[in-house]
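# A structural walkthrough
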Amino acid sequence: MVTHVPAEAHGDERGALLAFVEAQRGGLRRAVLGLSDEQATQTPSASELSLFGLVKHVAECELNWLRLAQQKPNERARTQETWGDGFRVEGDETLAGVLAFWDGVTSETEEFIRSVDSMDDTFPLPEAPWFPKGDVSMRWLMLHLVEEIARHAGHADIIRESLDGATAFELVARAQKG
């Protein structure tokens with residue numbers, strides 16, 4: 001079963017970019033469909049990655065990019081010492097709670113992108129070896145979110161299949177049944 005990104009209205013670049021980001025979010029969200037917190041925190045491969053950790057990381061990552069674009073402080077900023085915690089359960093966190101947090105971030109991202117004057121608007125990136133130098137556009141931000149989330153959705157597909165054999169297409173079918 002295939003998922004399709006709906007075609008945008010003619011000239012609706014924002015809508016198209018938001019739809020592609022949402023399609024990748026859906027892939028990651030489907031990977032945790034029907035799992036308990038215990039299942040979502042399992043690490044079935046040589047990697048330390050869990051589905052819970054991937055969802056938490058992507059939610060925090062999207063928030064970080066949003067705050068950079070808004071030029072606001074990130075209330076969940078990680079340091080070098082706490083970076084790994086962005087992939088682990090902390091305290092009383094639950095998968096449902098992390099998904100709800102991500103829902104809020106995704107709504108804020110959409111609202112922000114729809115409010116900017118132009119996709120050509122730019123924002124500065126901090127000096128770091130993992131960032132391009134200089135300013136990037138809102139368009140670049142959205143394309144980067146597609147890239148970032150898609151990469152982790154692929155990781156999630158492999159982890160989910162390792163947990164219980166459920167494939168991405170099977171999970172699409174389950175999600176469509178409701």
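Before reading further, recall that the structure is shown in the block above.
Residues numbered from 1 in each chain as written. Predicted model: local features only at pLDDT ≥ 70, side-chain atom pairs only at ≥ 80, totals over all residues. Heavy atoms only, no water.

## Regarding the layout of surface pockets
Note the cut-off: Buried and open spaces are told apart on a 1 Å grid over the protein atoms alone, a cavity being a set of points where a 1.4 Å probe fits but cannot get out and a pocket being an open set with protein on both sides within 12 Å along at least five of seven lines. Residues with an atom within 4 Å of a point are the lining residues. Grid points are joined across faces, edges and corners, and a volume is the space filled by probe spheres set on the points. Put simply, DSSP marks the helices as runs of H or I at least four residues long and the strands as runs of E at least two long, and each gets a number from the N terminus on. Three classes are used, and their members are as follows: Ala, Val, Leu, Ile, Met, Phe, Trp, Tyr, Cys and Pro are nonpolar, Asp, Glu, Lys and Arg are charged, and the others, Gly among them, are polar.
In this model, the largest pocket occupies a volume close to 820 Å³. Lining the largest pocket are 25 residues, with His57, Asn64, Trp83, Trp130 and Phe131 sitting closest to its centre. Those elements that provide at least two residues to the lining of the largest pocket are helix 3 (51-70) and helix 5 (138-164). Taken together, the residues that form the lining of the largest pocket break down as eleven nonpolar, eight polar and six charged.

## Considering helix 3
What counts, and what does not: One less than the residue count of a helix, multiplied by 1.5 Å, gives the span that helix is expected to have.
The first and last C-alpha atoms of helix 3 sit 28 Å apart over 20 residues, in line with the 28 Å expected at 1.5 Å per residue. Of the residues trailing helix 3, Gln71 is marked for its positive phi of about 60 degrees.

## Focus: the nonpolar core
For soluble globular proteins, the rule of thumb is that nonpolar side chains tend to be buried together. The condition that has to hold: Buried Ala, Val, Leu, Ile, Met, Phe, Trp, Tyr and Cys residues that are joined via side-chain atoms within 4.5 Å together make up what is termed a nonpolar core. Buried residues are those whose accessible area, probed at 1.4 Å on protein chains only, stays under 20% of the maximum for their type, while exposed residues exceed 50% and partly exposed ones sit between those limits. Contacts are assigned to residue pairs with any non-hydrogen atoms lying within 4.5 Å of each other.
Membership of the largest hydrophobic core comes to 44 residues, with the highest contact counts inside it found for Trp65, Phe123 and Met138. Going through the elements one at a time, helix 1 (13-31), helix 3, helix 4 (95-115) and helix 5 are the ones with two or more residues in this core. Here this core takes twelve residues from helix 3, the largest share from any one element. Other than its neighbours up to four places away in sequence, Phe123 contacts Trp65, Leu68, Ala69, Gln71, Gly134, Asp135, Val136, Ser137, Met138 and Leu141.

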